[in-house]
Amino acid sequence: MSFAEILKGIENFVWGIPLLVIIIAGGLLLTVRLKGIQMVRLPLALKWMFSSEEGATGNVSSFGALCTALSATIGTGNIVGVATAICLGGPDKLFWLHVVGLLGLATKYAEGVLDIKYHEPA
């Protein structure tokens, strides 16, 4: 058995059910530990995102900063991935995409908080 075949076997195992379980379990854990912050604080986040910023310093609006931060995370691969999932899997896949996306919001929030907490200026 060659090294490439061993790596292919590991890849097939990792990118299957175990990865899905880890992603969903991590999202559920963070959602529970953060008390559903992605649902509870959504109205406040939308209010701040679209509010007027009179007297604020800097050239980038809150909405522009959000779009810039999310552009690196989302990318075109996720957009194409949704279209592919719907084409190949049917409309029920859209429901699961929303469920996993909602859990992913807690993960993204936790990532942002840890980034701010442990940020070291260059």
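Look up a bit, the structure's there.
Residues numbered from 1 in each chain as written. Predicted model: local features only at pLDDT ≥ 70, side-chain atom pairs only at ≥ 80, totals over all residues. Heavy atoms only, no water.

Along the chain, the regular secondary structure elements total six helices and zero strands. Helices and strands in the chain line up, N terminus first, as α-α-α-α-α-α. Computed over the C-alpha atoms, the radius of gyration of the chain is 19 Å, more than 25% above the 14 Å expected from 2.2 N^0.38 for a compact globule of 122 residues. Projected onto its principal axes, the C-alpha coordinates of the chain cover approximately 65 × 40 × 30 Å. (Helix = DSSP H or I, 4+ residues; strand = E, 2+ residues; numbered from the N terminus. Rg over C-alpha atoms; globule rule 2.2 N^0.38 Å.)

Summarising the element assignment, Ala 106 is placed in helix 6 (residues 92–117). If we skip the residues at most four places from it in the chain, Ala 106 touches Gly 27, Leu 30, Thr 31, Leu 34 and Gln 38. (Contact = heavy atoms within 4.5 Å.)

Turning to the layout of surface pockets, a few remarks are in order. The volume enclosed by the largest pocket comes to roughly 2200 Å³. Taken together, 47 residues line the largest pocket, and the ones lying closest to its centre are Leu 70, Gly 101, Gly 104, Leu 105 and Lys 108. Counting only elements with at least two residues in the lining of the largest pocket, the list comes to helix 2 (17–33), helix 3 (37–40), helix 4 (42–50), helix 5 (62–89) and helix 6. No other element matches the 19 residues that helix 6 contributes to the lining of the largest pocket. (1 Å grid on protein atoms, 1.4 Å probe; cavity = no way out; pocket = protein on both sides within 12 Å on 5 of 7 lines; lining within 4 Å. Points joined across faces, edges and corners; volume = space filled by probe spheres on them.)

Let us look at the packing of helix 4 against helix 5. Packing of helix 4 against helix 5 leaves a shortest axis separation of 7 Å and a crossing angle of 115°. Taken together, the axis directions place helix 4 and helix 5 in an arrangement best described as roughly perpendicular. Each of Trp 48, Met 49 and Phe 50 in helix 4 lies in contact with helix 5, whose residues at this interface are Ser 62, Phe 63 and Leu 66. When its residues are assigned to classes, the contact of helix 4 with helix 5 shows five nonpolar, one polar and no charged. (Axes fitted to C-alpha atoms, helices over the stretch in contact; angles between N-to-C directions. Parallel < 35°, antiparallel > 145°, perpendicular 65-115°, else oblique. Nonpolar A, V, L, I, M, F, W, Y, C, P; charged D, E, K, R; others polar.)

We now examine the side chain of Thr 31. Within the element layout of this structure, Thr 31 appears in helix 2. Polar side-chain contacts of Thr 31 include one of 2.7 Å to the backbone oxygen of Gly 27. The contacts of Thr 31, once residues within four sequence positions are left out, are Gly 36, Gln 38, Met 39, Leu 103 and Ala 106. (Polar contact = N/O pair within 3.5 Å; in protein donor to acceptor, adjacent residues only side chain to side chain.)

This brings us to a nonpolar patch on the surface. Judged by side-chain polarity, Met 1, Phe 3, Ile 6, Leu 7, Ile 10, Phe 13, Val 14 and Trp 15 come together as a nonpolar surface patch covering roughly 980 Å² of accessible area. Of note, Ile 10 is situated in helix 1 (residues 3–14). (Patch = residues over 30% accessible without salt bridge, like charges linked within 9 Å, V, L, I, M, F, W, Y side chains within 5 Å. Areas by Shrake-Rupley, 256 points an atom, 1.4 Å probe, with all protein chains shown as cover. Salt bridge = Lys/Arg side-chain N within 4 Å of Asp/Glu carboxyl O.)

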